[in-house]
Protein chains: 6
Amino acid sequence: MPPRNAGRAADELRTVSFERGFYANAAGSVLVRSGDTVVLCTASVSDDLPPWLAGKGKGWVTAEYNMLPGSTSPRKQRDRKKVDGRTTEIQRLIGRSLRAIVDQKVLGELAVTVDCDVLKADGGTRTASITGAYLALHDALAACEEFSPAGRWPLTDSVAAVSAGIVAGETLLDLDYSEDSTAEVDMNVIMTGSGKFIEVQGTGEGGTFDAAQLQSLLAVCSKGIQELTDKQKAALA
Amino acid sequence: MPPRNAGRAADELRTVSFERGFYANAAGSVLVRSGDTVVLCTASVSDDLPPWLAGKGKGWVTAEYNMLPGSTSPRKQRDRKKVDGRTTEIQRLIGRSLRAIVDQKVLGELAVTVDCDVLKADGGTRTASITGAYLALHDALAACEEFSPAGRWPLTDSVAAVSAGIVAGETLLDLDYSEDSTAEVDMNVIMTGSGKFIEVQGTGEGGTFDAAQLQSLLAVCSKGIQELTDKQKAALA
Amino acid sequence: MPPRNAGRAADELRTVSFERGFYANAAGSVLVRSGDTVVLCTASVSDDLPPWLAGKGKGWVTAEYNMLPGSTSPRKQRDRKKVDGRTTEIQRLIGRSLRAIVDQKVLGELAVTVDCDVLKADGGTRTASITGAYLALHDALAACEEFSPAGRWPLTDSVAAVSAGIVAGETLLDLDYSEDSTAEVDMNVIMTGSGKFIEVQGTGEGGTFDAAQLQSLLAVCSKGIQELTDKQKAALA
Amino acid sequence: MPPRNAGRAADELRTVSFERGFYANAAGSVLVRSGDTVVLCTASVSDDLPPWLAGKGKGWVTAEYNMLPGSTSPRKQRDRKKVDGRTTEIQRLIGRSLRAIVDQKVLGELAVTVDCDVLKADGGTRTASITGAYLALHDALAACEEFSPAGRWPLTDSVAAVSAGIVAGETLLDLDYSEDSTAEVDMNVIMTGSGKFIEVQGTGEGGTFDAAQLQSLLAVCSKGIQELTDKQKAALA
Amino acid sequence: MPPRNAGRAADELRTVSFERGFYANAAGSVLVRSGDTVVLCTASVSDDLPPWLAGKGKGWVTAEYNMLPGSTSPRKQRDRKKVDGRTTEIQRLIGRSLRAIVDQKVLGELAVTVDCDVLKADGGTRTASITGAYLALHDALAACEEFSPAGRWPLTDSVAAVSAGIVAGETLLDLDYSEDSTAEVDMNVIMTGSGKFIEVQGTGEGGTFDAAQLQSLLAVCSKGIQELTDKQKAALA
Amino acid sequence: MPPRNAGRAADELRTVSFERGFYANAAGSVLVRSGDTVVLCTASVSDDLPPWLAGKGKGWVTAEYNMLPGSTSPRKQRDRKKVDGRTTEIQRLIGRSLRAIVDQKVLGELAVTVDCDVLKADGGTRTASITGAYLALHDALAACEEFSPAGRWPLTDSVAAVSAGIVAGETLLDLDYSEDSTAEVDMNVIMTGSGKFIEVQGTGEGGTFDAAQLQSLLAVCSKGIQELTDKQKAALA
């Protein structure tokens, strides 16, 4: 097994940074960098609820995920006629993850849309989107008059996500694109800041995995999310 | 906790049956019943490969999933203009699961489409689809001149799937619709007949789950899949 | 002229059977078999009227027709992006045929959708759909509290349909696929149980037909529908 | 029963006229007027055959039907996103009718598209389209070097179409819009110049019809088509 | 530089004619001929306002532009699935041009749609559409009870449009198709009858143009529009 | 007339900056800021020519324009099902503007797509897109082995664009959103670095404009483009 890019250890995250307030006017906008993956997360609050929620005293959080054409090489075509299956899966995942830490009753009859636009893709775009989307959601809510983290506050926890995989038989945390494309098994884990699971998705890419490998993937992801949670706290401090 | 429907134990599967050769003329067609869930799985073999695989000496297996309008009450609208996100997710999952046990080189330049049409939905339609799709795929290949289970054979293993969930704090195997709709956590596991994982998907539905709950869900699913594998073997015997 | 499949006489129907209550929970569901053609007809009642009928004290009956991919060999592609012209024509025909025997005022502000899903296609799928749809509609209405065949009842008659054609110069009743694909002329007739015409469609497939041939086609169809009407009555008895 | 518009007898056609060469440059373009119904029929010849016919030594004739927004009052919306069911049905009917009089082998590997654009709609637009489309097709073929009516000629006959209906119990030929909208039964008949049927479509609009009514409709349509055939011959003379 | 078709001078319009009342029943319908370009403009008035204007006491004018398939050779395909970019641009331009001379408050809560259907295309279809659309709009409003040109009247001016271009270095007014397809620069100007500009669009087609050329194009267009305005007045007199 | 934002003079541009190489891996990517308007321009080179250009020894340049949902407040919906008319118009304009300075033969059989993604919108997004797209195109070509600005070079000139308008009767250069939304007349001018016009588009927004106003708009735009050209040169120096 050759050393990882940038000399990373098997259970080491890539360098992560969060640039809050990337747009001056937007309610909450955060530029997330995780290694060479760059995602712009923007949360917009409105009172335009989906019809099936209107008048129930509850709010809703949804997400849209998109890769800019220049984010990959060769250029990725835009989703202009229909949204492809992968995109749909990812944005449903982001939405579910955020709703797991939202008290919809405290939120009240508001709809929040979190846009995750991938400016540069080097693996882990869905997990970086979730980790950044939490901060954008936090800041958009904090900018609403009726809410404050210290007062009435719709968020019950934080949320972060990370990937891991088995590459050439070894369990690696936070795969970049070159690792991801050769992984035999790919796992995404989404957890709250308090250490509860929201989602676990492990997929044999062509291959399969045994119980021991499953446990090692879960372990390394839990460790990674704990570190991401700390970085989120630091960014909000 | 009230007793389960039909007096099932927490770790007990619903009654499963497989009706092979449901269509006289189709290459492989299997009617799967799992409790009140009924899925018609039909595998069709052609040489109409996707363009990106043409001339590579390899085959491809894909799946389509569909719920008939009358399979639910109230009636479900047909996907006639676009396929909804859930459907796309499920049929991608079925396709991935089948490909994990197919040797694409042995298959050669053939394309297999497995249609999973849900005639009646009472929870667990995606896992029943996978468990039945394996049999339809098996039979469609066995009907091809160039293949036989005892000779040149593109399948390297069998595959089956089952769900589990946490309902009112208890871990239950193989949820029916009434259980699924009140589950706090929902897990789908897909494994080979030889006991390897192909896919693990655990989702907190509104809620979250801790490490102990994750382990109990994995354990009960492994047990269920072993039983389904035995039933598949019996059906093919 | 070679003998017909299964030794049928020129004016003889295929073996027909109706399996009522195919789905336990659906309001009305009937599996129709006409020779090797198998159609699942399911009627669903709701109060979700089309906007242009709302508040007029009248109901509406509409139909959807669909062939499952495995119903033909080679596999038929699903209508997932748009509905093809033939499908549209057929489901409009089924809807018109049913509405001809419905008293919309007695039905009241209810909408009935009858789904005709072809499980296996061996010619005559549209006529089998209509003949079966009548039974599904009947049973769905009978299951509504406010209606009963002996009391307030929205159906004014029964309806059945059959095809005929000219094959190698001979007039044949109830064409199967092999006959249909070589027919010079194809006719579909839809009639009420009381012997009135609802629809007559005769088409020269490539060829044309003269007045005498038209009359012979009409005669044999009338005979066939009378027999189907008797079988429907028997099924409901 | 009040007298018909313009004092027409029950079995009398509306005033019909054909303006050939409506466009100077188009291969065949005919403006048909039937009472207040006005349709522009334009036939275009190309060698752009549908893929399934390429290289088979045979040609193809197809049709498109369209109502201009201003052809009705109130304005009809354009079919810009999808073609509605009625439009599809009609253009398939026009295409079938024309193909019935075309020898595809003599036509050779050419594709003819006949566009029927309704400029003004007062009932009978589909039948006027067919009657005019024949002339446009004739003229477009006559303008091709390789064909002439006196030499190699792909048309084996002429074709014309007319409607009839039962209005207030009376059989009327060639319904205008006001008659059509109150008709209990509506019939369209398409015949060749030599008196053969291509298509017979009789529909109970809400109601039903008996055998005697069916025969009276067929009789009056045959008479009308004979007159239209004479007018087509005169136009081409 | 060869002489222009029909011996036109460089700054000479093609022969223009307006046939008002082309449809007997439509509120306003005008057939415009400009040389061999023929456009049917039809204005329809309804009270079906776009939602964002409802209840504001103001009206709206919009336009649809369409080329009939037979208007060009080879045949142009219909816009049946989506409207192409050029069509969208043109119909937005027509709508803007008309709204510039409409007092929306005087119009009141009415919506006017002006359909511009190109029957024959020989260059300048968008400008002929605008020039004719004004007349159709005028006549449709004049046919409304509540308006008359001498009384309450929503039009504040007239509008006409013309193209010019630089062909082989020379500035030419009102390009036909053969000129347009070789023009280095193409300009469309839309002006009111009182000599104000509504829109100026000059485009280097592959090439560029200098300030002197820009001025010569503007000058010749102004002259052309003055002449078209006179012809519109004559047509309405 | 109140003073302009940031104390700008009537004929003064907003502060402009160009950040070249915004993406490390993309062939040419430039972040343009013009006041608060921010556009990311990325040029991608491929040999995937449109079919109608294949094998002609010439290349093609096209553009896509898109506003990110968070670029406006309230959030703008994504163009996921269809591209709206405005977007189509703008991206066609950008493409035309770039092609005016490209020698397609020198470019050879290459296709360049320039993506203009608006990250923040404060008026003038289309003109900032063009001005930045030139730099992205320049850098993408310079990164191709076969080209260099000093050697074989497909660009024959530079291109820049600016808007002007008449606001409260005064001619203003380079409108921001607040000015643009109250402008009576809006003009966009696109010119080469050598002072030739590529496109002039002047539109009365509700109102009209006279010849003197047209001249003042043209003059101020020419001045602005000269300044932008200087800044582009400086950025590339």
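Residues numbered from 1 in each chain as written. Chains lettered and ligands numbered in written order. Predicted model: local features only at pLDDT ≥ 70, side-chain atom pairs only at ≥ 80, totals over all residues. Heavy atoms only, no water.

- Chain A has the name Ribonuclease PH in an unreviewed UniProt entry, where Aeoliella mucimassa is given as its organism.
- Note on chain A: under the UniProt heading Sequence similarities (unreviewed entry), the record states "Belongs to the RNase PH family."
- According to the UniProt record, the Subunit (unreviewed entry) comment for chain A reads "Homohexameric ring arranged as a trimer of dimers." (UniProt positions renumbered as here; feature names shortened; annotations may be inferred.)

### Notes on the side chain of Gln232(B)
Thinking step 1. Looking at the element boundaries, Gln232(B) is found in helix 5 (residues 211-236).
Thinking step 2. For Gln232(B), a relative accessible area of 1% puts it in the buried group. (Helix = DSSP H or I, 4+ residues; strand = E, 2+ residues; numbered from the N terminus. Buried < 20%, exposed > 50% of the residue type's maximum accessible area, 1.4 Å probe, protein only.)

### Re the relation of the copies chain F and chain A
Thinking step 1. Rotating chain F by 180° and moving it 0.0 Å along the rotation axis overlays it on chain A with an RMSD of 0.0 Å. Taken together, the turn and the small shift mark the pair as related by a two-fold rotation axis.
Thinking step 2. Of the residues that chain F buries at the interface, 100% are likewise interface residues in chain A, meaning the two copies contact each other through the same surface. (Least-squares fit on C-alpha atoms with pLDDT ≥ 70 in both. Contact = heavy atoms within 4.5 Å.)

### Focus on the UniProt feature "binding site: phosphate" (unreviewed entry) in chain A
Thinking step 1. Under the local residue numbering, the UniProt record ascribes the feature "binding site: phosphate" (unreviewed entry) to Arg86(A), Gly124(A), Thr125(A) and Arg126(A). Considering the C-alpha atoms alone, the annotated residues occupy 41 residues of sequence yet fold into one spot, their largest mutual distance being 13.5 Å.
Thinking step 2. On the secondary structure map, Arg86(A) appears in helix 1 (residues 85-99).
Thinking step 3. Looking at Arg86(A), the relative accessible area reads 28%, which means it is partly exposed.
Thinking step 4. Beyond its immediate stretch of four places on either side in the chain, Arg86(A) contacts Tyr65(A), Met67(A), Thr125(A), Arg126(A) and Arg92(B).
Thinking step 5. Within the secondary structure layout, Arg126(A) lies in helix 3 (residues 125-142).
Thinking step 6. Exposure remark for Arg126(A): the relative accessible area of 21% places this residue in the partly exposed category.
Thinking step 7. If sequence neighbours within four positions are ignored, Arg126(A) has contacts with Tyr65(A), Arg86(A), Ile90(A), Leu93(A), Asn188(A) and Gln201(A).

### Points about the interface of chain B and chain A
Thinking step 1. Contact with chain B, which involves 25 residues of that partner, is made by 25 residues of chain A.
Thinking step 2. Note on chain B versus chain A: buried area summed over both sides is about 2200 Å², and carbon and sulfur give 55% of it.
Thinking step 3. Looking only at chain B, the three residues that lose the most surface to chain A are Glu89(B), Phe197(B) and Thr208(B), adding up to 24% of its buried area.
Thinking step 4. Notably, a salt bridge pairs Arg92(A) with Glu89(B), separated by 2.7 Å at the nearest N-O pair.
Thinking step 5. Our enumeration of links across chain B and chain A arrives at 11 residue pairs in polar contact (both at pLDDT 80 or more). (Buried area = accessible area lost by both parts, 1.4 Å probe. Salt bridge = Lys/Arg side-chain N within 4 Å of Asp/Glu carboxyl O. Polar contact = N/O pair within 3.5 Å; in protein donor to acceptor, adjacent residues only side chain to side chain.)

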